[in-house]
Structures are given as structure tokens and as C-alpha cells.
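Secondary and tertiary structure notes
Chain by chain, the residues run as shown.
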Amino acid sequence: THAAGVVITKSPVDDFVPLARNDESVVTQFPMGTIEELGLLKMDFLGLRNLTVIKAAENLVKARLPEFAGLFPEDDPETFDMLSQGRTSGVFQLESAGMTGVCTRLRPHSIAEIMAVVALFRPGPMASIPRYIDNKHHPERTTYRHPLLKPILSETYGCIVYQEHVLEILRRLAGFSLGHADVVRRAMSKKKYDVLVAERQAFMDGCKQSGVPEETAKGIFDEIMEFANYGFPKGHAVSYAVIAYKTAYYKCHYPAEYMAALLSSVQGWTGKVGEYISECQEQGIKVLPPDVNASDEGFTPINGEGAGPSIRFGLGAIKNLGSGLIGELIDERREDGPFTSFENFCRRMAKRDLNRRALESLIQCGAFDSMGVKRKAIYHLSGALMDDIVSGRTIAGQTDLFSMGGDTREVPIPDVGEWSVKEKLAMERSLTGLYLSGHPIDAYASELRRSGARSIAQVAAGLEDGTVEDGQSVKLAGLLSGVKTKTTRNNTLMAYATLEDRAGSIELLLFSGVLTRNGGYVKNDAAVLIEGKVSVRDDRPAQVLVDALTPLGQGLHELDGDTEREEKNKLFLKIPQAGGREDRRILAMLELFAGRTPTVLVYADTGKKVGCECGPAPSFLAECRALLGDASVVLRG
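Residues numbered from 1 in each chain as written. Predicted model: local features only at pLDDT ≥ 70, side-chain atom pairs only at ≥ 80, totals over all residues. Heavy atoms only, no water.

Some remarks on the overall build of the chain
The following threshold applies: The helix count covers DSSP runs of H or I at least four residues long, the strand count covers runs of E at least two residues long, and both are numbered beginning at the N terminus. For the radius of gyration, the atom set is restricted to C-alpha positions; the globular benchmark scales as 2.2 Å times the number of residues to the power 0.38. Each residue is placed in one exposure class: buried if its accessible area under a 1.4 Å probe, protein chains only, is under 20% of its type's maximum, exposed if it is over 50%, and partly exposed if it falls in between. Using the Shrake-Rupley algorithm and a 1.4 Å probe, accessible areas are obtained, with residue cover drawn only from the displayed protein chains. When charges are counted, neither His nor the chain ends are considered; positive counts come from Lys and Arg and negative counts from Asp and Glu. By convention, the point assigned to a charge is CZ for Arg, NZ for Lys, CD for Glu and CG for Asp.
Within the chain, the regular secondary structure consists of 24 helices and 17 strands. In terms of overall size, the chain is more extended than a compact globule, its C-alpha atoms giving a radius of gyration of 32 Å where 637 residues would be expected to give roughly 26 Å. Counting the 637 residues in the chain, one finds 45% classified as buried. As displayed, the chain has an accessible area near 31,900 Å², and 51% of this comes from carbon and sulfur atoms. Averaging the coordinates of the 74 positive side-chain charges in the chain and doing the same for the 83 negative ones gives two points 3 Å apart.

A short note on the environment of Ala 526
Quick reminder of the rule: Only heavy atoms matter for contacts: two residues are in contact if any of them lie within 4.5 Å across the pair.
Within the element layout of this structure, Ala 526 appears in the loop between helix H22 (512-518) and strand S11 (527-537). On the basis of relative accessibility, which here comes to 11%, the residue Ala 526 falls in the buried class. Spatially, the C-alpha atom of Ala 526 lies 25 Å from that of Ala 317, the residues being 209 residues apart in sequence. Beyond its immediate sequence surroundings of up to four residues, Ala 526 is in contact with Gly 478, Leu 479, Leu 480 and Tyr 521.

Here we look at the sheet that holds strand S9 (residues 493-501)
Within a sheet, adjacent strands bond to each other through the backbone by hydrogen bonds, running parallel or antiparallel. Selection criterion: At least two DSSP bridges between two strands are needed for those strands to be called paired. Each axis is a line fitted through C-alpha atoms, taken for helices only over the stretch in contact, and angles between the N-to-C directions span 0 to 180 degrees.
Taken in spatial order, the 5 strands of this closed barrel run S8-S9-S10-S12-S11, and their pairing is mixed. Along the sheet, successive strands turn relative to each other by an average axial angle of 50°, direction set aside.

Quick notes on the pattern of salt bridges
Test applied: The salt bridge criterion pairs a side-chain nitrogen of Lys or Arg with a carboxyl oxygen of Asp or Glu, the two atoms within 4 Å.
Across all of its chains, the model carries 34 salt bridges by this definition. In this structure, the salt-bridge partner of Glu 223 is Arg 131, at a minimum N-O distance of 3.4 Å. One end of the pair, Glu 223, is in helix H11 (residues 214-227); the other, Arg 131, is in helix H6 (residues 129-137), and 92 residues separate them in sequence. Taking the shortest distance from any N to any O, the salt bridge between Lys 351 and Glu 332 comes out at 3.4 Å. Taken together, the residues span a long stretch of sequence, with Lys 351 in the loop between helix H16 (342-350) and helix H17 (356-364) and Glu 332 in helix H15 (residues 323-336) at a distance of 19 residues. With relative accessibility at 52%, the residue Lys 351 sits in the exposed group. The exposure class assigned to Glu 332 is buried, which follows from its relative accessible area of 0%.

Points about the confidence of the model for the chain
For clarity, the threshold we go by: A residue's pLDDT is the predictor's confidence in that residue, given on a scale from 0 to 100.
Residues at a pLDDT of 70 or more form 92% of the chain, whose mean pLDDT is 85. Long-range and interchain partners of residues 393-407, a stretch whose pLDDT sits below 50, account for 13 contacts in this model, where long-range means more than four residues apart. Counting interchain partners and residues more than four positions distant, the pLDDT-below-50 stretch residues 555-568 has 26 contacts.

So, the packing of helix H9 (residues 178-189) against helix H10 (residues 193-209)
Operational definition: Crossings are sorted by hand: turned counterclockwise from the far helix by less than a right angle, the near helix makes the crossing left-handed, and turned clockwise it makes it right-handed. Classes in brief: Ala, Val, Leu, Ile, Met, Phe, Trp, Tyr, Cys and Pro nonpolar; Asp, Glu, Lys and Arg charged; the others, Gly included, polar.
The N-to-C vectors of H9 and H10 enclose an angle of 145°; their axes lie 8 Å apart at closest approach. In the crossing of H9 with H10, the sense of the turn from one axis to the other is left-handed. Counting all contacts with H9, which are made through His 180, Val 184, Ala 187 and Met 188, the residues of H10 involved are Val 195, Leu 196 and Glu 199. Each residue belonging to the contact of H9 with H10 can be placed in one class, and the counts come to 5 nonpolar, 1 polar and 1 charged.

Observations concerning the nonpolar core
Counted only if it meets this: Residue types Ala, Val, Leu, Ile, Met, Phe, Trp, Tyr and Cys, when buried and joined through side-chain atoms within 4.5 Å, form a set referred to as a nonpolar core.
Formed by 92 residues in total, the largest nonpolar core has its most connected members in Leu 94, Ile 114, Phe 313, Phe 342, Phe 345, Leu 359 and Phe 368. Top contributing element to this core by residue count: helix H12 (residues 234-253), with 9 residues. Not counting residues within four places of it along the chain, the set of residues in contact with Ile 114 comprises Phe 80, Leu 83, Leu 94, Pro 108, Ala 241, Ala 244 and Tyr 245.

A short note on unusual backbone geometry
For residues that are not glycine, phi is negative in most cases, and the peptide bond is trans in most cases. We note that Tyr 157 has phi near 55°; this positive angle belongs to a residue other than glycine. Secondary-structure assignment places Tyr 157 in the loop between helix H7 (150-153) and helix H8 (163-174). Judged by relative accessible area, Tyr 157 falls into the buried class, the value being 18%. Of note, the phi angle at Asn 320 is positive, near 75°, even though the residue is not glycine. Relative to the assigned elements, Asn 320 resides in the loop between strand S7 (308-312) and H15. We classify Asn 320 as partly exposed; its relative accessible area is 31%.

A word on the packing of helix H4 (residues 97-106) against helix H5 (residues 111-120)
To keep it simple, the criterion reads: Here roughly perpendicular refers to angles of 65 to 115 degrees, roughly parallel to angles under 35, roughly antiparallel to angles over 145, and oblique to all remaining angles.
With their axes 11 Å apart at the nearest point, H4 and H5 run at an angle of 140° to one another. Between H4 and H5, the angle falls in the class oblique. In this structure, H4 crosses over H5, and the sense of that crossing is right-handed. Residues Met 99, Val 102 and Leu 106 of H4 pack against Glu 113, Val 117 and Val 118 of H5. Here the residues of the contact of H4 with H5 are counted per class, giving 5 nonpolar, no polar and 1 charged.

Remarks on the pairing of S11
Looking at chain direction, strand S8 (residues 473-487) and S11 are connected through 7 bridges and run antiparallel. Following the sheet pairing, Leu 479 is matched in S11 by Ala 527. Pairing of S11 with strand S12 (residues 540-551) involves 9 bridges; the strand directions are antiparallel. Paired with Arg 537 across the two strands is Arg 540, which belongs to S12.

A look at the packing of aromatic side chains
Between two aromatic rings, the relevant description is the distance of the centres plus the angle of the planes. Let me state the cut-off plainly: Ring pairs are drawn from Phe, Tyr and Trp, using the six-membered ring of Trp, whenever the two centres fall within 6.5 Å, and their geometry is named by plane angle: stacked under 30 degrees, edge-to-face over 60, tilted for the rest. By definition, being over a ring means that NZ of Lys or CZ of Arg is both within 6 Å of the ring centre and within 35 degrees of the ring normal.
Tallied over the full model, the rule gives 17 aromatic pairs. Look at Phe 80 and Tyr 245: their rings are 5.3 Å apart centre to centre, the planes differ by 35°, and that puts the pair in the tilted class. Taken together, the residues Phe 80 in helix H3 (residues 77-84) and Tyr 245 in helix H12 connect sequence positions 165 residues apart. Judged by its relative accessible area of 1%, Phe 80 falls in the buried class. For the cation-ring pair, Lys 272 lies above Trp 269, with the distance from its terminal atom to the ring centre recorded as 5.9 Å. We note Arg 636 situated over the ring of Phe 572; from NZ or CZ to the ring centre the distance is 4.6 Å.

Structural notes on H11
Basically, it comes down to this: Helix span, expected: 1.5 Å multiplied by one less than the number of residues in the helix.
Taking 1.5 Å of rise per residue, the 14 residues of H11 would be expected to cover 20 Å, and the 20 Å separating its terminal C-alpha atoms lies within 8% of that figure. Buried within H11 are the following residues: Thr 216, Ala 217, Gly 219, Ile 220, Phe 221, Glu 223, Ile 224, Met 225 and Phe 227. Those residues of H11 that are buried lie in contact with H6, H8, H9 and H10.

A word on a nonpolar patch on the surface
Operational definition: Nonpolar side chains (Val, Leu, Ile, Met, Phe, Trp, Tyr) within 5 Å and like charges within 9 Å form the patches, drawn only from residues with over 30% relative accessible area and no salt bridge.
Residues Val 6, Ile 8, Leu 41, Met 43 and Phe 45 make up a contiguous nonpolar surface patch of roughly 420 Å² in combined accessible area. For the nonpolar patch, the secondary structure elements donating two or more residues are strand S1 (5-8) and strand S4 (41-44). Residue placement: Ile 8 occurs in strand S1. Ile 8 sits in the partly exposed class, given a relative accessible area of 38%.

The following block contains the structure:
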């Protein structure tokens, strides 16, 4: 089934071809080649979400600037400078790691160059990218296999980039008619290699008539065959390039409106929402939490004076809130004004079919925080309050439990304290896929400062500007997610995981040595400090090959020579082998016996010293002595 192919006939389609049902879609039982051979019209209709994003961004800009006409210059230097710096997140066609790298090396300064980038970054012409970039910056290095190619390929520095280039080469060098050349072009676009091979001899014969040497002709046709893997027609490339440039222009000059439109377009796609919120932070755009009095269904820009641009989180990105309820909430707010309190919200929205699950979701993600109430308190109140409101609505003449016969004072909010930061963040994550009011890694701020760990965004920026290279050692910290293990060909265990901090995320590869030593800490939501080497391969996003991993929260850190001096109340534990049975047992016990006593783990096999803190209770010390021996457990005090 073709994703966008539609057969169009003058009368019902089943007059011409047999049909079948594929799930809910009606499809032809003949493949596209047979459809074409029958002379039927087949059209491919491609829908692009980015066109909706552009239109939404334009509407948001017009709401702030009524005079905005949607026009833009095609040679804006600030836009091209942004692309050249690799700030391509959210830009159509250019935001992948590979495309970002091409932009930073090419430094495009025209839509025509973006057009070439879009067309080159395909399996066929991709091999020409280094030559295109080098020739762009050094035009004097541009060469052609034959002088007849210069007028055809001069616009792309000697590289075959578009299908039209192939048509012209076939015509000018081999004397093909336009119709004959188009047969070859169609064979290329349909991957019909048997047709292309059959046309080789015709090409060679034609080139001979034009005075092109046989070896040169062979080389040119081989290049055409490589291009046949996937080549863009020029019209396709220029359309994509204009859309890419327009998204870049709006991101550069109307960042709050554009990023709000972009976030709204992916609000059901948690990974992209997180990525684009990080991009907002990079641009200095603050993303405000959801609020029942300020949020719409989508993300909305706020261009306040003095405070800088910001974006309000959209209610549509919160689980358990349907579009119907969100529309009712916005209508209620528009008709009767802002909600004045939590109870006021519940009473007004009860008639709009507010359900308890949706209400709890709003509470847990902080949508009432601006009212000065504690989430835990109103969560405890919500059940009884909603029951009272419902019973008051449905039982005629019954006195409200709280109104006490006409007393309109609001229900007192119970004093039950507040959820911990960790609990709040976990709820936010479960409902939106994101941490809205902070990040769990913030709890380890002082430990991270001592460790010297870099942010993931700093590493990403370093890869773009060349200050971080393939194989370079880095130290990072964050939360693990998406942990997956697999067995290698050598029958050893390895794991993949994503490390996430406030500024971004990166994939980790952990091999058997690390898993043997610290596999117990490789689990989802674990806060860890890792050391490893950056790995950059082809179009794949950068990864880190992990050499060492330690958990955060125990204060684990490698000790240097200055910390070996004796101190009062310090515990020394001598462990036979890093990653061995005793080491794993001791680390597990350290999690159970938290405290503030400085502790040094001395590994006999490597001489390495690792510091942490614990609470040396008698039972803990007894267990350590039983495991390591009395001489290996020393408490200096």
C-alpha cells in the first residue's frame, strides 16, 4: 500500500480494477506499475505537517502584529547565520544530526544552496556532499569529467544533484531525445536497474558520436547509476528548500510564535516536545507551566515587555484531558472570566462535565499552582468536593454539605502538607512525559559541581563547533531511561540507555566490563555519573561509549592524593576487586545505610579509591567485617 498514492478514474474505480480492503483503506489489487500500464491516473498527494506549523505561526504573529503580511526576504543574513551555526532544531528537513553537520560545514547563504543540501542528503548523491562543500568554499578546485558537463553542473560545483542534470547529460553528451532521456529518468526514480543497464550501451554509442572518450563516458554513466539510488527532481528540491528556509526565517525572527506552533504540532509526541522545549531554553524562551487560567489547548506565545518571550504549556499535552473538556474550559473562562479559586473552578466546570480523573491530572501537573494552593492539599480535597457538587446538582433541594443552608464561604483547604519535589516531578512526568517544575537531577547539584560533569547540551554544541571530537573523553550526569540489554556475538552482555539532563539527552552504550562492575545501577530513572568517549558515526546521533558509571546520591567520587589524609570519623573499607561480589554487596548496603560519615572504598586490585558517605550503624559494620574481614574495616574517630 502506497502511503500517498491515489488512483483517479472518470467513473467508479471498480469499473477498471479489482479492489480490496486493507484495514480501513480501500486499495487496488494491482501494484502501481500495472496501474500505470493500464493508463490510469495515479497521483501522489504528500501532506506536510510543517505547512500547518507555518500557517499557525503566521496566525500567532498576526495576533501580535496585525500589520504582518507573511512576506519574507529570500536573502536574510541572520537566518543563514543561524543555520550555519547548526541551530537547526525545528527547521524542516535540516534538523537531523547529519543535516546539521552539513549545514555547519557548508554554511549556506542562499535558498539555492539549501536546495542542493536537501537534494544531496539522499542515498544516491550523498557521496558527493564532501566534494560539493569543498568546491563551494574553493571554486577553483571544481573539475569536470568532460568540458560538455560544465554548463550543466556549474551551478552545483561539478556534482550531479538533480534528475534534470541527468536529462541534460543524456541529451548533450549522448544525443538522447527528451523522450528517450525521460525513459531513463523514470527508470532511475522507479529503481529499474535492468532498464538502466540496457541503456548503458546506447549512452556509450551516443557519447562516441559526441567525441567523449570511452573511459570518460563509462565513468559518467557509473556516476549516473550511483545517483539512481535516489535523486530529487529540481522542483521537489526547491519546494522543500523554500519550506525549510521559511521555517528557519520564522524561528530566527519570530521565535516564540514559531516554537509555540511547532510545540503544538507535536504535543502528543513526548520526545519531540522535550526536544523543542530544550531548544526554547537555548533561545532564552521560558516555557511556563500549564495553568487553568492561562493555557489554551495548544502552546501559546507570550511576548511580555521586559521579561523576554515565553510560551505557555498547552493543556492538550496533558494526559486524561480530552479536546472536548479543554474546549469547555476555555469557553467557561471566556464567558464568565478567570477562575478565582480551586473550588470556583470545580463548581463552574462541574456543569461542563469535568470528571475526577481530569481534575486530578490538572492538580498533579501544577495547573492550579498560580492560585497559591498546595497540590497535595487540593488533591485530598477534590474527591469530597466533587461528590458534594455532583450531589448538589442532581438531588433537588438538598442542602450542600459545605454551604450549610446558604453560607457561601468556600471549603477550607486541609493542611496536609505538600508532596516532595521528587513526587511532584514524577507526577508531571507521568502526565506530560516531561518534568515541568524542575528536574530530578537538580537534587544532585552540589555533587555535580564537585564532579566537573558537563551538560549534554555543552557536548552537543562542542560537536557542532569542533571543540568536541569523535573519541574524546567526557564526563556527564543525568537520569537513565530506555534501558535495553542484548547479547553480543561473543555471548557477552551489553546495554543501550538514554542519559537525560535538564539540557538534553544522549544515547549510551555500556559493554560487559561496565555492566559487571555497576550493572545494578543501570536501570530506568537511576541518577548516575558517567565517564566515557564520544562516538560519532555517519548520520547517527552522537553516542557515548561508557567506561565508568557511578550512582549519584551517595556522593561517590574518585579521590585524589589530597584527600588521603586521616580525618576524624572516617570509615575505610578495603575491597578485594572492583565489580566483584564483595563490591556489589557493599554498594548495595551503602544505599540502605545513608548518613554523613565520610567513607573511602579502597580497591585492592587497582589501588583506586572512591569516596562516599554512609551511616556506620553497628549492624552495617558487622556485615562489612563478616564480608571483608576485620582488618579491612577501619573506622577512625
